[in-house]
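Understanding the architecture of this molecule
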Amino acid sequence: MSTSQPRNYLEIAAALEKRMEGEDFRLLSSYISLFVAGRYEVALLLRLLTLAPRESGILEEAILQIAAFNRADARKCLSLLFEMVDKRFVLNQIDHPAAVVRASAVERIGTVGGEEVIIAVLEKLRDTADEVKIEAISVLGRKRVSAGIEPLTEIMLSSKSSIEVRRTVLAAIGNYSDVPTLQLLIQFSESSESAIRMSAFQSLGRRKDQSTGLLITAAWLNSLSNRTISEAESQVIRTAVASVRGEQVLTALRAALRTANPSVAREVAILLAVLGDGSAFPALLEAAAESEHSGPVIEALVR
């Protein structure tokens, strides 16, 4: 949007506050495009627009204008606007022709409660636009909606789902604490796609119990044995394992040091060093002395 603004902006705003005739609101609507989204001036202009008579359709006209902005500006403007109107008006926008409006509406109604809201958000999981799906998925995850687990699982298993949508699902189900979502995360921690594996491990790392830690460790060791893992992915996994660290996890890692696979031994040794637990270092020294693959272990010790 243009960064310019009319010199008589304050006069326009003051006049519109006093005169609420339809033509004034239409003039105000046309001025929205002259302001940079996120500025205080935009917030005031939008506030004034909400005072227009609902039956006039002027607010809807303004939304159509805003939807034509570049995506970032449109989302900022719509976010401001939807904070100023009632829930019913926002709910009416979730089927708007413009995806950016639908996405903004879902984001906003996700901040309020009610069964009606949950039903509306669940329906948006079938939206044709990824932008809308992503907002719906995020809302369900934040609210930990149990009715969302099955459709979220279906999205993850669908070959039609984009990687961005699937990564959002994995982030969302990381908020749940039930067994089915844990199993789903473990399943996708062994995905053939690195980005999906990393998202799964990030969500697993948010579960702090030791049983999850052992599952994460086992899934990671299995991945190490079956594929080459990038340093970026290794960092994500180390963080996940470190977040659920405990004696059981350390014991499993020490045992894995004696693997016949040098690359696995190296990664395990590095993780133990990163964890910085004093009890891990004797095991590291012992492995360095006994293992024919002592090089990676020594490398971890001097990090």
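Scope of this entry: the structure provided in the associated data block.

Cut-offs used in this document
Per chain, residue numbering runs from 1 following the sequence as it is written. Local features in this predicted model are restricted to residues whose pLDDT is 70 or higher, and side-chain atom pairs enter the listing and the counts only when it is 80 or higher, whereas totals over whole chains, interfaces and linings include all residues. Hydrogens are left out, water is left out, and the side-chain values use all remaining heavy atoms of the structure. What counts as a helix is a DSSP run of H or I of at least four residues, what counts as a strand is a run of E of at least two, and both are numbered from the N terminus. Relative accessibility under 20% of the residue-type maximum defines a buried residue, over 50% an exposed one, and the middle range a partly exposed one, all with a 1.4 Å probe and only protein chains included. Any pair of residues with heavy atoms lying within 4.5 Å of one another is described as a contacting pair. Areas reported here follow the Shrake-Rupley algorithm with a probe of radius 1.4 Å; residue values treat only the protein chains shown as occluding. Detection works on a 1 Å grid of protein atoms alone, calling trapped sets that fit a 1.4 Å probe cavities and calling open sets with protein on both sides within 12 Å along at least five of seven lines pockets, with lining residues defined by an atom within 4 Å of a point. Grid points are joined across faces, edges and corners, and a volume is the space filled by probe spheres set on the points. By nonpolar core we mean a set of buried residues, namely Ala, Val, Leu, Ile, Met, Phe, Trp, Tyr and Cys, connected to one another through side-chain atoms within 4.5 Å. To obtain each axis, a line is fitted to C-alpha atoms, and for helices this fit is confined to the stretch in contact; angles are then taken between N-to-C directions over 0 to 180 degrees. Orientation categories follow fixed angle ranges, with anything under 35 degrees roughly parallel, anything over 145 roughly antiparallel, 65 to 115 roughly perpendicular, and all other angles oblique. Throughout this entry, Asp, Glu, Lys and Arg are counted as charged residues, while Ala, Val, Leu, Ile, Met, Phe, Trp, Tyr, Cys and Pro are counted as nonpolar. The remaining residues, Gly among them, count as polar.

**Focus on the overall build of the protein**
- Tallying secondary structure elements over the protein gives 19 helices and 0 strands in all.
- For the protein, the residues scored as buried account for 50% of the 303 residues in total.
- Restricting to contacts in the protein with at least 6 residues of sequence separation, those with at least 24 account for 65%.
- By element, 53% of the accessible surface of the protein is carried by carbon and sulfur atoms, the whole surface being about 14,300 Å².

**Considerations on the layout of surface pockets**
- When its volume is computed, the largest pocket comes out at roughly 200 Å³.
- Along the walls of the largest pocket sit Leu 122, Leu 125, Arg 126, Lys 133, Pro 151, Glu 154, Ile 155, Ser 158, Lys 160 and Ser 161, which together make up its complete lining.
- Ranked by the residues each element gives to the lining of the largest pocket, the list is headed by helix α10 (residues 149-157), at 3 residues.

**With respect to the nonpolar core**
- In this structure, Phe 82, Phe 201, Trp 220, Leu 253 and Val 268 are the most contacted members of the largest nonpolar core, which totals 82 residues.
- Residues contacting Trp 220, with those up to four places away along its chain left out, are Phe 201, Ile 237, Leu 253, Glu 267, Val 268 and Leu 271.

**Observations concerning the environment of Ser 189**
- Within the secondary structure, Ser 189 sits in the loop between α12 (179-188) and α13 (194-204).
- The class of Ser 189 is buried, set by a relative accessible area of 0%.
- As a C-alpha pair, Ser 189 and Ser 223 span 34 residues in sequence and 8.2 Å in three-dimensional space.
- Setting aside chain neighbours within four positions, we find Ser 189 in contact with Arg 197, Ala 200, Phe 201, Leu 204, Ala 219 and Ser 223.

**Thoughts on the packing of helix α4 (residues 58-67) against helix α5 (residues 71-84)**
- Put simply, α4 and α5 touch, their axes get as near as 9 Å, and they point 155° apart. If you check the angle between α4 and α5, you find them roughly antiparallel. Taken together, the residues of α5 that come into contact with α4 (itself represented by Leu 59, Ile 63 and Ile 66) are Ala 74, Cys 77, Leu 78, Leu 81 and Phe 82.
- For the contact of α4 with α5, the residue count by class is 8 nonpolar, no polar and no charged.

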